[in-house]
Amino acid sequence: MIRGDRLPDGFTVQLGRRVLRSDGGTVLVGGSPPRVMRLAPRLCHLVAADRFTVSDTASAMLAHRLLDAGMAYPVAAPDAPSSGDVSVVIPVRDRLGPL
């Protein structure tokens, strides 16, 4: 678990398709390797829609644990740069041999 750093507000995660819910949504089963995660009742509303956005410390911790467990994956921000917006620079001056 990350101690001094946390996922930023606005970071979005999506539950994996193979994650199963039980016990009224308080228990999640899935991940890689498979595991069982019991959620506090106050966090169940976050995963009710299969996707949530980090907005506070509790949601950041839940997102981090789901990602670490392989039960969720990050969702790219809609305003993320596309491949046409990015330049890649490979420094080669006087180092052509190592390339």
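Anything mentioned here points back to the structure above.
Not measured: the values here are computed from a predicted model.

Engineer: Please explain a nonpolar patch on the surface as it appears in this structure.
Structural biologist: Taken together, the side chains of Val86, Val88, Ile90 and Val92 define a hydrophobic patch exposed on the protein surface, amounting to about 380 Å² of accessible area. With respect to the helices and strands, the residue Val86 is situated in the segment after strand 6 (72-75). Residue Val86 is classed as partly exposed on the basis of its relative accessible area of 46%.

Engineer: Honestly, helix 2 (residues 57-69) in this entry has me stumped. Any pointers?
Structural biologist: The α-helix advances 3.6 residues per turn, and as a result positions three or four apart in sequence lie on the same side. Taking 1.5 Å per residue, 13 residues should reach 18 Å; helix 2 reaches 18 Å between its end C-alpha atoms and fits that length. Within helix 2, burial applies to Ser59, Ala60, Leu62, Ala63, His64, Leu66 and Ala69. Tucked inside the fold, the buried residues of helix 2 contact strand 1 (12-15), strand 3 (27-30), strand 4 (35-38), helix 1 (44-47), strand 5 (51-53) and strand 6. Two or three places before Ala58, at the start of helix 2, stands the capping residue Asp56, its side-chain oxygen 3.4 Å from that residue's backbone nitrogen. Where helix 2 terminates, the next one or two residues include Gly70, which has phi positive at roughly 75 degrees.

Calculation rules
- The numbering scheme is per chain: residues are counted from 1 as the chain's sequence reads.
- In keeping with the model being predicted, local features are shown solely for residues with a pLDDT of at least 70 and side-chain atom pairs are shown and tallied solely at 80 or more, while totals for entire chains, interfaces and linings include all residues.
- As a convention, hydrogens and water are excluded, and side-chain values are obtained from all of the structure's heavy atoms.
- Only residues whose relative accessible area exceeds 30% and that form no salt bridge are eligible for patches; like-charged ones are grouped when within 9 Å, while nonpolar side chains (Val, Leu, Ile, Met, Phe, Trp, Tyr) are grouped when within 5 Å.
- Residue burial considers only the protein chains on display, and all accessible areas are found by Shrake-Rupley using a 1.4 Å probe.
- Salt bridge criterion: a side-chain nitrogen from Lys or Arg within 4 Å of a carboxyl oxygen from Asp or Glu.
- By definition, any uninterrupted DSSP run of H or I lasting at least four residues is a helix, any uninterrupted run of E lasting at least two residues is a strand, and each is numbered from the N terminus.
- The buried label applies to any residue whose accessible area, calculated with a 1.4 Å probe on protein chains only, is under 20% of its type's maximum; exposed applies above 50%, and partly exposed to all values in between.
- Each helix should span, by expectation, one fewer than its residue count multiplied by 1.5 Å.
- Between two residues, a contact is recorded if the distance between any of their heavy atoms is within 4.5 Å.
- Polar contacts, as counted here, are pairs of nitrogen or oxygen atoms within 3.5 Å of one another; within protein the pair requires one atom able to donate a hydrogen and one able to accept it, and residues that are adjacent in sequence qualify only if both atoms are side-chain atoms.

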